[in-house]
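Below, each chain spelled out in residue letters.
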Amino acid sequence: MISLDVLIIQLSGLTQEDLKRWIDNEWVRPDEEDGTYVFRDIDVARVRLIRELRDEMLVNEDALPIVLSLLDQLYDLRRRLRDLRHALLHMPPDEMHRILTCHLMSDDVYYNDNED
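Attention in this report is confined to the structure presented alongside it. Everything numeric in this text was worked out from a predicted model, so none of it was measured.

1. Things to note about the overall build of the chain
Part 1 of the argument: Helix and strand content of the chain: 5 helices and 3 strands.
Part 2 of the argument: Listed N to C, the secondary structure of the chain is β-α-α-β-β-α-α-α in terms of helices and strands.
Part 3 of the argument: Relative to its length of 116 residues, the chain is extended, with a C-alpha radius of gyration of 22 Å against a globular reference of 13 Å.
Part 4 of the argument: With respect to the three principal axes, the spread of C-alpha positions in the chain is 55 × 35 × 25 Å.
Part 5 of the argument: Of all 116 residues assigned to the chain, the portion counted as buried reaches 23%.
Part 6 of the argument: The contacts of the chain with a sequence gap of at least 6 include a subset with a gap of at least 24, amounting to 44%.
Part 7 of the argument: By element, 55% of the accessible surface of the chain is carried by carbon and sulfur atoms, the whole surface being about 8900 Å².

2. Here we look at the pattern of salt bridges
Part 1 of the argument: One pass over the structure, following the stated rule, counts 13 salt bridges.
Part 2 of the argument: Here aspartate 76 makes a salt bridge to arginine 80, at a shortest N to O gap of 3.0 Å. One end of the pair is aspartate 76 and the other is arginine 80, both in helix α4 (residues 64-89) and 4 residues apart, which spans about a single turn.
Part 3 of the argument: When its relative accessible area of 29% is taken as the criterion, aspartate 76 is described as partly exposed.
Part 4 of the argument: In this structure arginine 80 comes out as exposed when scored by relative accessible area, which is 52%.
Part 5 of the argument: The partner of glutamate 95 in a salt bridge is arginine 98, and the shortest N-O contact between them spans 2.8 Å. One end of the pair is glutamate 95 and the other is arginine 98, both in helix α5 (residues 93-113) and 3 residues apart, which spans about a single turn.

3. Regarding helix α2 (residues 16-24)
Part 1 of the argument: What α2 keeps buried is the set Asp18, Leu19, Trp22 and Ile23. Viewed end-on, α2 has its buried residues packed into an arc of 135°, placing them on one side of the element. What points out from α2, more than 90 degrees from its buried face, is the exposed set Glu17 and Asp24.
Part 2 of the argument: Elements that come into contact with the buried residues of α2 comprise α1 (4-10), β3 (36-39) and α3 (41-56).
Part 3 of the argument: Glutamate 26 sits one or two positions beyond α2 and adopts a positive phi of about 65°.

Calculation rules
- Residues numbered from 1 in each chain as written.
- Predicted model: local features only at pLDDT ≥ 70, side-chain atom pairs only at ≥ 80, totals over all residues.
- Heavy atoms only, no water.
- Helix = DSSP H or I, 4+ residues; strand = E, 2+ residues; numbered from the N terminus.
- Rg over C-alpha atoms; globule rule 2.2 N^0.38 Å.
- Buried < 20%, exposed > 50% of the residue type's maximum accessible area, 1.4 Å probe, protein only.
- Contact = heavy atoms within 4.5 Å.
- Areas by Shrake-Rupley, 256 points an atom, 1.4 Å probe, with all protein chains shown as cover.
- Salt bridge = Lys/Arg side-chain N within 4 Å of Asp/Glu carboxyl O.
- Arc of directions from axis to C-beta.

Following this line, the structure appears as structure tokens:
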């Protein structure tokens, strides 16, 4: 974990004003200890992402909340798929077959009912 001052030193070109604005907008959510911000690795990665979007991909700050939200959803979906894959790898084959068959049959009913 690092302080705001250390983060600004580590990431050249990052201003305290930018970082505080991103915190106020809740794009970055550092912890607070003794009245000062403390940044975890995930916070530092988020700051780097915001800088990359803004400075390299030229996403303006009005669009950043939408882009960040979409990226958060994408990362969450990837995490869920990884968890599902892990669960499937550890599931007995007959149980996996039963669950998938049941799921596929219920989806077929749903789609057939909505074709009218």
